[in-house]
Amino acid sequence: MTRAPTTVNGSLRQLADGLPADGHFLILAADDPTALPRIEELLRTIGIRSAWQQLPGLCVGLVSMRPDSLDRVVELLRRTAAGRVGVSPLTDGADRIDLAFRLARTALAASTAADPVTVFDRSPLTMAAIADAEVACGVVQVVLGGLEDLPPDDRDVLLDTLAAWSTHNGSASETAVHLYCHPNTVRYRLRRLEERTGRSLTNPREVAELVLALEARVRHGRR
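To keep things clear, this report deals only with the structure shown in the data block.

How each quantity is defined
- Residue indices begin from 1 for each chain and proceed along its sequence in written order.
- In keeping with the predicted nature of the model, local features appear solely for residues at pLDDT of at least 70, side-chain atom pairs appear and are counted solely at 80 or more, and the whole-chain, interface and lining totals rest on all residues.
- The side-chain values count all of the structure's non-hydrogen atoms but skip hydrogen atoms and water molecules.
- By the criteria applied, helices consist of DSSP H or I runs no shorter than four residues and strands consist of E runs no shorter than two, each listed in order from the N terminus.
- Any residue under 20% of the maximum accessible area for its type is buried, any over 50% is exposed, and the rest in between are partly exposed; the area is computed with a 1.4 Å probe on protein chains only.
- Whether two residues are in contact is decided by their heavy atoms: any pair within 4.5 Å suffices.
- Surface exposure here means Shrake-Rupley accessible area, sampled with a 1.4 Å probe, where a residue is shielded only by the protein chains that are shown.
- At least two DSSP bridges between two strands are required for those strands to pair.
- For every element, the axis is a line fit to its C-alpha atoms; helices are fit only across the contacting stretch, and the angle between N-to-C directions ranges from 0 to 180 degrees.
- Note on definitions: salt bridges are taken to be side-chain nitrogens of Lys or Arg within 4 Å of carboxyl oxygens of Asp or Glu.

## Observations regarding the overall build of the protein
Part 1 of the reasoning: A tally of regular secondary structure across the protein gives ten helices and five strands.
Part 2 of the reasoning: Put simply, the protein has 223 residues, and 43% of those count as buried.
Part 3 of the reasoning: A fraction of 70% describes how many contacts in the protein between residues 6 or more apart in sequence connect residues 24 or more apart.
Part 4 of the reasoning: Accessible surface for the protein amounts to roughly 11,500 Å². Of this, 51% is attributable to carbon and sulfur atoms.

Below, the structure written as structure tokens:
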């Protein structure tokens, strides 16, 4: 597959000429045109106009809409998408289409079969984790390198516990319910993680580093 361009060519900007100029724009990106069956027609049924172009290895749509319509568009995509789709933040002018295009492609890279529609500004942690693969892998090595000499199963238990803890309000009790273990088991695992990484789960900056590294590790396939 030909690598898709990182910036928008003039013909994509010209799509905006046929759309209302007084609203906001959204870019949708899919790596397969079959991921968005009848999308232009479906958007039209909810009063939203769009224009589409097939680029090398990428199907791109420019959507003209009001900010209060964003949730409706995302809900439509989640109901109808047959493949991975990246959604840019709303932009308030055609002169920002280049940036919106890049952000839609970043969101597309973050989407998965289990969660195929990714909205850039609703997943900032994921976006940061995948924006630069080389940098992300470096973050993983720096932050989580202290776990690499553990047996894989042991390492995965610690990382899975961190992942659960970070999505359950930093609560050992809630995490324990999710993992079907005792809260003291969760606390023990988290202490081991702190000792191995040299980072404290009571320090907000170090928690952010750990969660970012964890997200990057998952997104770059190092499980």
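## Section: the pairing of strand S2 (residues 49-55)
Part 1 of the reasoning: Most of S2 is tucked away: five of the seven residues are buried.
Part 2 of the reasoning: Bridge analysis of S2 against strand S3 (residues 58-65) gives seven bridges, and the strand direction is antiparallel. Residue pairing for S3: Ser 50 is matched across the bridge by Val 63.
Part 3 of the reasoning: Turn length for the S2-S3 hairpin, with the two strands adjacent in sequence and antiparallel, is two residues, and the turn residue Gly 57 shows positive phi of about 75°.

## Thoughts on the sheet that holds S2
Part 1 of the reasoning: Across the sheet, which stays open at both edges, the five strands sit in the order S2-S3-S1-S4-S5 with mixed pairing between neighbours. Lying at the two open borders of the sheet, with one neighbouring strand each, are S2 and strand S5 (117-119). Averaged over all neighbouring strand pairs, the angle between strand axes comes to 20°, with direction disregarded.
Part 2 of the reasoning: Bridge analysis of strand S1 (residues 24-30) against strand S4 (residues 85-87) gives two bridges, and the strand direction is antiparallel. Each bridged residue has a counterpart across the sheet, and for Leu 28 the counterpart in S4 is Val 87.
Part 3 of the reasoning: Of the strands in this sheet, S1, S3, S4 and S5 touch helix H3 (residues 70-80), which is tilted by about 155° from S5.
Part 4 of the reasoning: Relative to S1, helix H4 (residues 97-110) is tilted by about 40°, and along the sheet it contacts S1, S2, S3, S4 and S5.

## Describing the side chain of Thr 91
Part 1 of the reasoning: As for its placement among the helices and strands, Thr 91 is situated in the loop between S4 and H4.
Part 2 of the reasoning: For Thr 91, the contacting residues outside a window of four places in its chain are His 24, Phe 25, Arg 96 and Ala 100.

## Examining the pattern of salt bridges
Part 1 of the reasoning: Counted according to the given criterion, the structure contains eleven salt bridges.
Part 2 of the reasoning: In this structure, Asp 31 and Arg 84 form a salt bridge, with 2.5 Å as the shortest nitrogen-oxygen distance. One end of the pair, Asp 31, is in the loop between S1 and helix H2 (39-45); the other, Arg 84, is in the loop between H3 and S4, and 53 residues separate them in sequence.
Part 3 of the reasoning: For Asp 31, a relative accessible area of 28% corresponds to the partly exposed category.
Part 4 of the reasoning: Using a relative accessible area of 25% as the deciding quantity, one classes Arg 84 as partly exposed.
Part 5 of the reasoning: Across the pair Asp 154 and Arg 192 runs a salt bridge whose closest N-O atoms are separated by 2.9 Å. Linking Asp 154 in helix H7 (residues 152-166) with Arg 192 in helix H9 (residues 183-197), this pair joins segments that are 38 residues apart in sequence.
Part 6 of the reasoning: Classification of Asp 154 by relative accessible area gives partly exposed; the value is 24%.
Part 7 of the reasoning: Taken together, the salt bridges that share partners define one network made up of Arg 199, Arg 205 and Glu 209.

All we've got here are geometric facts, nothing functional implied.
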